[in-house]
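# Geometric and topological summary
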Amino acid sequence: MESRSNNDAARESIFASIRASLAASARHDAVESELHHASPPPSSVAVTVRSEGLLDLFKESLEAVDGHCIIANDEQEIVDALTGIIKSLQGTRLRGRCIAISDDLEVERLINQADLEIDELAVTPSASDVFRFDVGISCVQAAIAETGTLLLDSSRERHRLVSLVPPVHIAILKESQIVGTLGEALALLRQSEQLTPIATLVTGPSRTADIELTLAIGVHGPQELYVIVWP
Amino acid sequence: MNHVTSETFDKNAKAALADSQLRGALRNATSLFGQRRLAATQQLTNWEDLRTRARTIKDEVLSQLDKYLEQFVANAEARGAKFHWARDAQEANTIILKLVKDRNARTIVKSKSMTTEETHLNVALEGAGVQVVETDLGEYIIQLAQETPSHIIVPAIHKTKHQIAELFTEELGMPPTDDVDKLTSTAREKLRDRFAAADIGISGVNFGIAETGTILILENEGNIRLTTSLPRVHIAVMGIEKLVPRFADLDIFLKLLPRSGTGQRLTTYQSFITGTKIDKDSEGPEELHVVMLDNGRSRMLAHPVTRQSLACIRCGACLNACPVYQNIGGHAYGSVYPGPIGAVITPQLMGLEKTQQLPYASSLCGACREVCPVKIDIPRLLLHLRSEITEKASPEVAQAKPKAGERLAFKLWKVAMMKPWLYKLSTKLARLFQGFLVKNGKIGAATGPARLAQPLVAWTSGRDLRPIEQESFRELWKKELAGK
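Since the model is a prediction, treat every value here as computed from it, not as a measurement.

### Brief notes about unusual backbone geometry
Residue and element names in this part refer to chain A. Phi is positive for Asp 66, which is not a glycine, with a value near 70°. Take Asp 66: it is sitting in the loop between helix H2 (54-64) and strand E1 (68-71). Judged by relative accessible area, Asp 66 falls into the partly exposed class, the value being 36%.

Written as structure tokens, this is what we have:
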């Protein structure tokens, strides 16, 4: 491949330029550090890990970004919540008649218990199929209380398109998966031996303010986001 | 406003000032973003600390950029990413065009990327007959109107919804409406077909993480998630400076960037992409190509003052805070990077010859420095570039050299400022002789013999000057206050 060698030349030349510039900067750097005493080392941020009140905080944060939060006390209440959401959609332009679910077995088990009239139910439809679905249902891998954020790790569940393309996304979350802060969620992601190929943080439904800064919900991603939390 | 260049900044700015619709839109947008940013920063008790830490991290990366680049590339390559190196914009476009042609790609979807605006990628692709669709709502509007973005975060900030409605009626055949939700859903429907058909997705990159080889992209709309998940091939274009060393550093930058940009605690979506899919059934791109762009960046490393330009995380806060940007908007800067950060980055990327008016597009008020989440000292950079223009003037920029009269005036001023008796004498003399310049209590456009005084002419051609008061503060003090 001749382009390979061309590109090696470009790589070498960029690295050479970086090193030459950094070398040339050395004498200015010395003057600079005398002029401006290096700023004192920043104090470390106190990480407050708390477990009480996380659910309430999560619900409040999620609702602040236009997401819906439903708290279920047992499996029957989750099924009821799923049924309720989809039935209420079936009267609207969001239809709710074609349902795409992730490959998490829990999701399939729950949706099969719901008493619904639906046209189609598919597990992780492909990129070419996914556009016709009205609702996507998945689990999530963690949530952040302070921002109302869901963490989706696509190596543990195939929910990348299911959570994104249909106009409605319903996420099922265990209360024990809620962490307090963004920092804790990042640490969770980082702790696995090899970082997952695709991880996504989701905070509320898709939004834009590109036209006269007027908020519009549901541009390219879901227009509605429901999170069902169970103990 | 489509063909303005940085060379004619002064003219562009005057034209923008005369556009009352533009100024109204800018006033709304910049003040709203300013308020939201302030409210969002006040939610955190350690905002200043976060800024300092972020800057320390960026300095750490930039002072050893070669080392961190090697680490980033090695880790991403180990996970299946392919790297391509571009010394300049043209080389980047050639690389991308080859990737496109080799795959016989017909439709390309693109998410917002300032870096590809910098390289004018769309022009290059369209010139080669490849169709490329911008999918960010603002960028889509701009592309339909065949214009360029005027704000880093809100590309179509200069257009009213009426103008957008007219554009959609004309280009997309939708019935006329002023309803923002309807306009948005029309764009959604139109773009869904494109997403479904796309062979390749092209995105920018907000952060590259050296220790894991991850790229992170932030957004609100979901088009970046679609662009990076639907097509088989993902091409990510990033400047070589976009690195942070550790995954944990993102905790700081993800607190700073959304709050500074839009006043959000977090943008709706953060996509962390590490290499390609593990096997055929797992999620992730089949092919991930990362194009690393230099285009003048490595040169900026050569001095600590210019190097800090590379710490920029493209939040747009300095645009909203800048009294110059607030009045003229982004197009007048004649470059993809407008506002205070544009006034320092554009001359360094494109050379001072064609951009010498930009470092003067500031009153040095320091508002940009106050809001910058990574504490870039933009006023100092502006002064650094100004001194480069005047002191190291090459023949091309010789016209920017101060005129003899101006230099003489500053010399005299310096002497007077250093000797109190001379200062007193000269203000007394000025008070005596200013009489013939003062009309209606102010000094207007210089006429007659006064036109010989260059600095005076330069000042009064655009604004009035207040005459020197008949009594100085010291004189008043002596006469009235000290006596009592």
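Here the narrative resumes, following the displayed structure.
### A few points about the packing of helix H20 (residues 404-418) of chain B against helix H21 (residues 420-433) of chain B
Residues and elements named next belong to chain B. Relative orientation of the contacting elements H20 and H21 amounts to 120°, with a least axis distance of 5 Å. Between H20 and H21, the crossing angle belongs to the class labelled oblique. Where H20 abuts H21, its residues Val 415, Ala 416, Met 417 and Met 418 lie against Pro 420, Leu 422, Tyr 423 and Ser 426.

### With respect to the side chain of A:Thr83
All names here are of chain A. Summarising the element assignment, Thr 83 is placed in helix H3 (residues 75-90). Only 2.6 Å separates the side chain of Thr 83 from the backbone oxygen of Val 79, close enough to count as a polar contact. Those residues in contact with Thr 83 that sit more than four places away from it in its chain are Ala 114, Asp 115 and Leu 116.

### A closer look at the nonpolar core
Grouped together as the largest cluster of nonpolar side chains are 106 residues, with contacts concentrated most on B:Trp85, B:Leu250, B:Phe272 and B:Ile341. If we ignore the near neighbours within four places in the chain, the residues touching B:Phe272 are A:Leu186, A:Leu189, A:Pro197, A:Ile198, A:Ala199, A:Leu201, B:Thr214, B:Ile215, B:Leu216, B:Phe247, B:Leu250 and B:Leu254. Formed by 29 residues, the second largest nonpolar core is a distinct cluster that contains B:Val133, B:Phe168, B:Met174 and B:Ala187.

### Some words on the state of the cysteines
Residues and elements named next belong to chain B. Counted by the stated rule, this structure contains 0 disulfides over all chains. Between Cys 318, a cysteine without a disulfide, and Cys 368, which holds the nearest cysteine sulfur, the sulfur-to-sulfur distance is 6.3 Å. Cys 318 sits in the buried class, given a relative accessible area of 9%. No disulfide involves Cys 322; its nearest neighbouring cysteine sulfur is the one of Cys 365, lying 6.4 Å away.

### Details of helix H9 (residues 161-172) of chain B
Residue and element names in this part refer to chain B. When we look at burial in H9, the residues that qualify are Ile 164, Ala 165, Leu 167, Phe 168 and Leu 172. Relative to the axis of H9, the buried residues are bounded by an arc of 160° and lie together on one face. Turned more than 90 degrees from where H9 packs its buried face, Glu 166 and Glu 170 sit exposed. Looking at the packing, one finds that the buried side of H9 touches helix H8 (137-144) and helix H10 (180-197). Gly 173 occupies a position one or two residues after H9 and carries a positive phi of about 70°.

Basis of the calculations
- Residues numbered from 1 in each chain as written.
- Chains lettered and ligands numbered in written order.
- Predicted model: local features only at pLDDT ≥ 70, side-chain atom pairs only at ≥ 80, totals over all residues.
- Heavy atoms only, no water.
- Helix = DSSP H or I, 4+ residues; strand = E, 2+ residues; numbered from the N terminus.
- Buried < 20%, exposed > 50% of the residue type's maximum accessible area, 1.4 Å probe, protein only.
- Axes fitted to C-alpha atoms, helices over the stretch in contact; angles between N-to-C directions.
- Parallel < 35°, antiparallel > 145°, perpendicular 65-115°, else oblique.
- Contact = heavy atoms within 4.5 Å.
- Polar contact = N/O pair within 3.5 Å; in protein donor to acceptor, adjacent residues only side chain to side chain.
- Core = buried A, V, L, I, M, F, W, Y, C linked by side-chain atoms within 4.5 Å.
- Disulfide = S-S within 2.5 Å.
- Arc of directions from axis to C-beta.

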